[in-house]
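Structural overview for review
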Amino acid sequence: MRIGNSGQALAEFIYFSVCSASIVGTAGFILKQEWDRSKCAYLVFEYTHNYLVHPDTVVAEIPFSKSSLRRSGMSDFAFHIEAHSHQIIGTGQCGNHIEKVRLPMLETATW
Amino acid sequence: MVSNTKGGLHVPLLLAVFLISVSGLRIWAFLRNWRFLVETQLRLDRCVGKVAQEFRDSLNSIEISNQRIKKLRIAIEMAQLEPGVIPPLQAVLIAQVTKQELIRAKWDFKRGYWLVSQGCGNSKDIAYPLPAFKFIRNPPDLVGPQALIWEEIMLEKFEFQVSHRPRYAAAIVEGGLDEKWKATWSAPHKLSWTNFH
């Protein structure tokens, strides 16, 4: 009986394809998590800073529209601002991630 | 001919490495850009904030010194019957005047340095000139040196701004002669209606 190696190659191809897909999937998942976390931190900073400069502006409308948030996969982004006499605290939630940014009012800021 | 199937195993792995690398580089580029934006914003905020606070403190110090000078001059005028107390009062008066002159000189130096260093020290920054102290002091009379007065009608607010595309930081110092000057963050100003002369 003559043993061919084409079946072996196909089996290995499938095996390694599954392995590769798993690696790509896992890496993609980790990258997505880190991406969401970083983007959340950036969004919270931008929203908080905008509120610092434009305290009368409607928070939900700045600085990114809802449609742009939806496009970038941040449609569930929720933002809350607390204004104190010496600082403002912006809290953003993107899925499971919660980011908090504190920015000082100029009158009380120290560097 | 013997076909070699070993290379076939490497194709999916190479594809996986390629996809991960490209995705990683793209994400890294985005993260780097966000970091740059946040760092630039914080740097500009810090720079503008510090100079606005310094201007506020200088104005408040001059206002307080002015009040003291006026009171000292009244005290010296009223002390004519007791000439012994006049020299120490005049010494305090001169000390207050010297303090004001030092504050003015320091601010003038700061304005010059601000222009030379383009505000926050980065060549791509666009810094508006700092406002000038337009105080003048009338010549001393028999009582001694006089308080500072603003050359013309004093502005209600002074503006500070530095930009570094696409970011900017702006602040205003506002108040009045009767109350203390306060510094606050603000939206960007247009050069046409600012106090830069």
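Residues numbered from 1 in each chain as written. Chains lettered and ligands numbered in written order. Predicted model: local features only at pLDDT ≥ 70, side-chain atom pairs only at ≥ 80, totals over all residues.

Moving on to the overall build of chain A. Check the secondary structure of chain A and you find two helices and three strands. In sequence order, chain A lays out its α and β elements as α-α-β-β-β. Every one of the 111 residues in chain A was classed for burial, and the buried ones make up 19%. Sequence-distant contacts, at least 24 apart, represent 44% of the contacts inside chain A between residues at least 6 apart. (Helix = DSSP H or I, 4+ residues; strand = E, 2+ residues; numbered from the N terminus. Buried ≥ 20, exposed ≤ 12 C-beta atoms within 10 Å, placed from the backbone. Contact = placed C-beta atoms within 7 Å.)

When helices and strands are counted, chain B shows two helices and six strands. Overall, chain B shows an N-to-C arrangement of helices and strands of α-α-β-β-β-β-β-β. The C-alpha atoms of chain B give a radius of gyration of 29 Å, which is well past the 16 Å a tight globule of 197 residues would have. Here the C-alpha coordinates of chain B stretch approximately 125 × 35 × 30 Å along the principal axes. When each of the 197 residues of chain B is scored for burial, the buried share is 25%. Taking as baseline every contact in chain B between residues at least 6 positions apart, the subset at least 24 positions apart corresponds to 58%. (Rg over C-alpha atoms; globule rule 2.2 N^0.38 Å.)

Turning to the nonpolar core, a few remarks are in order. By size, the foremost hydrophobic cluster in this structure holds 43 residues, and its most contacted members are B:Leu44, B:Val48, B:Val51, B:Ala52, B:Val162, B:Ala171 and B:Val173. It is helix 1 (residues 6-78) of chain B that provides the largest number of residues to this core, a total of 10 residues. (Core = buried A, V, L, I, M, F, W, Y, C linked by C-beta atoms within 7 Å.)

Before going further, it helps to spend a moment on the sheet that holds strand 6 (residues 182-185) of chain B. Residue and element names in this part refer to chain B. In spatial order, the strands read 1-4-5-6; together these four strands make up an open sheet with antiparallel pairing. Looking at the sheet topology across the chains shown, the edges are occupied by strand 1 (126-127) and strand 6. Sheet analysis places strand 1 next to strand 4 (residues 157-164), joined by two bridges and oriented antiparallel. Opposite alanine 127, over in strand 4, you have valine 162 as the bridge partner. (Pairing = 2+ DSSP bridges.)

Here the focus is unusual backbone geometry. All names here are of chain B. Across the junction of arginine 165 and proline 166, the peptide omega takes the value 5°, indicating a cis bond. Within the element layout of this structure, proline 166 appears in the loop between strand 4 and strand 5 (167-174). One non-glycine residue, glutamine 118, lies in positive phi territory at about 55°. Within the secondary structure, glutamine 118 is located in the loop between helix 2 (86-116) and strand 1. Its 14 C-beta neighbours within 10 Å are what place glutamine 118 among the partly exposed residues.

Between chain A and chain B, the contact holds 23 residues from the first and 27 residues from the second. Residues belonging to the side of chain A that touches chain B are distributed by class as follows: 15 nonpolar, six polar and two charged. (Nonpolar A, V, L, I, M, F, W, Y, C, P; charged D, E, K, R; others polar.)

Let us now look at the pairing of strand 3 (residues 97-104) of chain A. Note: strand 2 (residues 87-94) of chain A against strand 3 of chain A, eight bridges, orientation antiparallel. The residue of strand 3 of chain A that forms the bridge with A:Gln93 is A:Ile98.

Bringing the environment of B:Gln80 into the picture now. If you trace the backbone, B:Gln80 turns up in the loop between helix 1 and helix 2. Taking the C-alpha atoms as reference points, B:Gln80 and B:Val143, separated by 63 residues in sequence, lie 9.9 Å from one another.

With that out of the way, let us pick up the sheet that holds strand 3 of chain A. Residue and element names in this part refer to chain A. Read from one edge to the other, the open sheet built from three strands follows the order 1-2-3, with strand pairing classed as antiparallel. The open sheet is flanked by strand 1 (78-83) and strand 3, the only strands paired with a single partner. The sheet shows a mean angle of 15° between the axes of neighbouring strands, taken without regard to direction. Two elements, strand 1 and strand 2, share six bridges in a ladder whose sense is antiparallel. Within strand 2, the residue paired with histidine 80 across the bridge is threonine 91. (Axes fitted to C-alpha atoms, helices over the stretch in contact; angles between N-to-C directions.)

Looking now at the confidence of the model for chain A. Averaged over chain A, the pLDDT score is 82; the fraction of residues at 70 or greater is 80%. Strand 3 of chain A holds the highest mean pLDDT among the elements of chain A, 92, whereas helix 2 (residues 66-71) of chain A holds the lowest, 68. (pLDDT = per-residue confidence, 0-100.)

Here we come to the pairing of strand 5 of chain B. Residues and elements named next belong to chain B. Burial analysis of strand 5 places six of its eight residues in the buried class, the great majority of the element. With eight bridges connecting them, strand 4 and strand 5 associate as antiparallel partners. Within strand 5, the position partnered with lysine 157 by the bridge is glutamate 174. Once strand 4 ends, the chain turns through two residues before running back antiparallel as strand 5.

Moving on, we get to helix 2 of chain B. All names here are of chain B. Along its 31 residues, helix 2 runs 45 Å from first to last C-alpha, staying within 8% of the 45 Å computed at 1.5 Å per residue. Looking at helix 2, one finds that the buried residues are Leu93, Gln96, Val97 and Gln100. Trailing helix 2 by a residue or two, glutamine 118 shows a phi angle of about 55°, which is positive. (Expected span 1.5 Å × (residues − 1).)

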